[in-house]
Amino acid sequence: MALLQISEPGQSTSPHEHRLAVGIDLGTTNSLVATVRSGSADTLPDATGEHLLPSVVRYLTDAEPVVGRAALEAAASDPLNTIASVKRLMGRGVADIRHIGETLPYEFVAGESQMPRIHTVSGDRSPVEISAEILKVLKQRAESTLGGELTGAVITVPAYFDDAQRQATKDAARLAGLHVFRLLNEPTAAAVAYGLDQKPEGIYAIYDLGGGTFDISILRLNRGVFEVMSTAGDSALGGDDMDHAVANWMMQEAGISGSAGRGELRALAREGRRVKEALTDSDVVNIELNQGDRPWRGELNVDAFNRLVDPLIDRTLVPCKRALRDAGIKADEIDGVVLVGGSTRVRRVRERVESFFGKPPLANIDPDRVVAIGAALQADVLAGNKSEDEMLLLDITPLSLGIEIMGGMTEKIIPRNSTIPIAKAQDFTTFKDGQTAMSIHVVQGEREMVDDCRSLARFELRDIPPMAAGGARIRVTYQVDADGLLSVNAREQTSGVEAHVEVKPSYGLTDNEIETMLKDSFAHAREDMDARNLREQQVDADRLIESVTAALAADGEELLDDAERTAILAALANLEAVRQGSDLQAIKQAISATDAVTQDFAARRMDAGMRKALTGHTLDEFTSGK
């Protein structure tokens, strides 16, 4: 029998009350909003009956921004003020933009933070602000259609979005006045839309190729629980790249110079999209261009188109192979393949996906709407309109999260591919006698040394009671919430002093960087482990040198004769010398030699300490407990 649920005081939903909640697919090319009505989920149209909202924002002088179809139509005539595919810029820094994979027709300016800003006639705008304009329109559409204020929303993001990109999405929602129930990975939302959560068990691949991002996720369903086994992707690859491939072909055929103006390039990209979409149903498409000195007429057949897009499809199959490897399965173990994203309408994509996985993919739900529908179903659960135990979604964190320890080494606290939400704690201690502060350095990556990982945040824990080295016990807790956002807490257990940080970097990792970090962790595994072992021995040597030096300063004159003192100093000198080198065995031997030559000294110090403690007391005082 399932346990009954009790809500917070004043938070329960009356039998007649249905809370208004929506799912939002904030896409690179198009965005949608969906909700559940009368038990059925569907996307909501605008006043003209259009469900898709082009993710395009045009800024005007002394006027409100224009969002959607009207903005898209102005892209060629006003390219500097009309922003499209802004999702590619979310959570990225100015330095990252050059790696996105296309020539962006905007004027970028530096701001106070690392976040890029785009210069427009109405001022400089960040990707977060631009995305917020799209979300505002979707929010207004939903409230107008549903006739009330929204309780909250589930917003979907690519599964491979890192912490910075997810946080940027939440910031955009807050600017738009939306309460975010949670961020949901797009592939997981698609699986929910197909009702795969109602099946008893199975392993499914979600192939999501949108306008500007690609994701592949391997999901395992077991007794109503979705678990993301692995995920991979490329947040700078999508249908836009196919449009540009066709546009570049047209430029070559028509003799149009690569130095064409921004407006001309945008018009060519739009024509490339039209040709791509037409070839979904036709084997040949006629083309007429009026750019340049003279008109050009030509045609593109499906075979030539396939040759243009095959290299891009090949790029999607590389993450597919990696996701299968990370999940520990082969392609023939997949029970079903779900296609998501408008770019999966391309016939060549479907052919290649079927060939790769060895089975026809599922595509009976509109691939443009499937993510928003799944998000709406989850929003309905989180709003309290439907029992949450009917569906449990478990996502993962794509890279390990760790902490820097002495010697510049990384101690992993949350390993990659851990199911989220998750919280893990680990105890650490101080390195020096009397240490009253500790520096916490949060890192992300798979390598053994901090310099080879990515720094996420630094903060300090102060007012630690002074104790002998190793005496303090500091518990460091890492917590990743359901949206994949990290917070870190450090607490000294005896005094209760603590410090906390919410990791909110100003820009995120590119998918190429994530892939490189994973590859490097495999390629350098042996040398990383050797480097870690060396650093551990060097830290042990440092600790021994410091403790023996302190002991000599305190009691050396009183407890040692000249020969003993000379022997210990010689051992210390040798240890200090070999510690600077990279001979692991030599350091181990020097540590052992120093331990051996100082054993009698340590015993005498202990005896002296005991005699000092007993001075003025009798044995009876200790045995009687007085």
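The structure under discussion appears in the preceding block.
Residues numbered from 1 in each chain as written. Predicted model: local features only at pLDDT ≥ 70, side-chain atom pairs only at ≥ 80, totals over all residues. Heavy atoms only, no water.

Visitor: What is the right way to read the overall build of the protein from this model?
Guide: Per the secondary structure count, the protein includes 14 helices and 28 strands. Residues classed as buried in the protein amount to 51% of the 626 residues present. Partitioning the contacts of the protein with sequence separation of at least 6, the portion at a separation of at least 24 is 67%. Accessible area for the protein stands at about 29000 Å²; split by element, carbon and sulfur atoms hold 48% of it. (Helix = DSSP H or I, 4+ residues; strand = E, 2+ residues; numbered from the N terminus. Buried < 20%, exposed > 50% of the residue type's maximum accessible area, 1.4 Å probe, protein only. Contact = heavy atoms within 4.5 Å. Areas by Shrake-Rupley, 256 points an atom, 1.4 Å probe, with all protein chains shown as cover.)

Visitor: Honestly, the sheet that holds strand 8 (residues 108-109) in this entry has me stumped. Any pointers?
Guide: Backbone hydrogen bonds hold the strands of a sheet together, and the pairing may be parallel or antiparallel. The three strands are arranged 8-9-10 in an open sheet whose pairing can be described as antiparallel. Two strands close off the open sheet at either side, each with one partner strand: strand 8 and strand 10 (123-125). As paired strands, strand 8 and strand 9 (residues 117-120) are joined by two bridges and run antiparallel to one another. Looking at strand 9, one finds that Val109 is bridged to Arg117. Sheet contacts for helix 2 (residues 127-146): strand 9 and strand 10; angle to strand 10, the most-contacted strand, approximately 85 degrees. (Pairing = 2+ DSSP bridges. Axes fitted to C-alpha atoms, helices over the stretch in contact; angles between N-to-C directions.)

Visitor: Honestly, the pattern of salt bridges in this entry has me stumped. Any pointers?
Guide: Opposite charge on two side chains permits pairing when their charged atoms draw close. Applying the stated criterion across every chain, the model contains 30 salt bridges. The closest approach of N and O atoms between Arg273 and Asp240, which form a salt bridge, is 3.6 Å. You can see Arg273 sitting in helix 6 (residues 262-278) and its partner Asp240 sitting in helix 5 (residues 239-254), a full 33 residues away along the chain. Taking the relative accessible area as the measure of exposure, Arg273 reaches 25% and is therefore partly exposed. (Salt bridge = Lys/Arg side-chain N within 4 Å of Asp/Glu carboxyl O.)

Visitor: What's the story with the pairing of strand 18 (residues 336-340) in this structure? I'm lost.
Guide: The side chains of a regular strand alternate between the sheet's two faces. Counting buried residues along strand 18, five of its five residues qualify, which places the element largely inside the surrounding structure. Covered by surrounding structure in strand 18 are Gly336, Val338 and Val340 together with Val337 and Leu339, the residues of both alternating faces. Bridging between strand 13 (residues 201-209) and strand 18 involves five bridges; their strand directions are parallel. Note on strand 18: the bridge partner recorded for Tyr204 is Gly336.

Visitor: So what exactly am I meant to see when it comes to the packing of helix 4 (residues 186-193) against helix 9 (residues 370-382) here?
Guide: Two measures define how a pair of helices packs: the angle their axes make with one another and the distance between the axes. Contact geometry for helix 4 and helix 9: axes closest at 7 Å, N-to-C directions at 80 degrees. Here helix 4 is positioned roughly perpendicular relative to helix 9, judged by the angle of their axes. Packed against helix 4, whose contacting residues are Glu186, Ala189, Ala190, Val192 and Ala193, the element helix 9 presents Val370, Val371, Ile373, Gly374, Ala375 and Leu377 at the interface. Taken together, the residues that form the contact of helix 4 with helix 9 break down as nine nonpolar, one polar and one charged. (Parallel < 35°, antiparallel > 145°, perpendicular 65-115°, else oblique. Nonpolar A, V, L, I, M, F, W, Y, C, P; charged D, E, K, R; others polar.)

Visitor: Would you mind showing me how to read the packing of aromatic side chains here?
Guide: Each aromatic ring pair is summarised here by two numbers: the centre-to-centre distance and the angle between the ring planes. If you walk through the whole model with that rule in mind, you get three aromatic pairs. With 6.2 Å between their ring centres and 75 degrees between their planes, Trp249 and Trp296 make a pair best called edge-to-face. In this pair, Trp249 is assigned in helix 5 and Trp296 in strand 17 (residues 296-301), connecting sequence segments 47 residues apart. Residue Trp249 shares its accessibility class with Trp296, and that shared class is buried. Summarising the aromatic geometry, the rings of Phe356 and Phe357 are spaced 4.8 Å apart at their centres and angled 80 degrees between planes, so their arrangement reads as edge-to-face. Assigned by exposure class, Phe356 and Phe357 land together as buried. (Phe/Tyr/Trp six-rings, centres within 6.5 Å; stacked < 30°, edge-to-face > 60°.)

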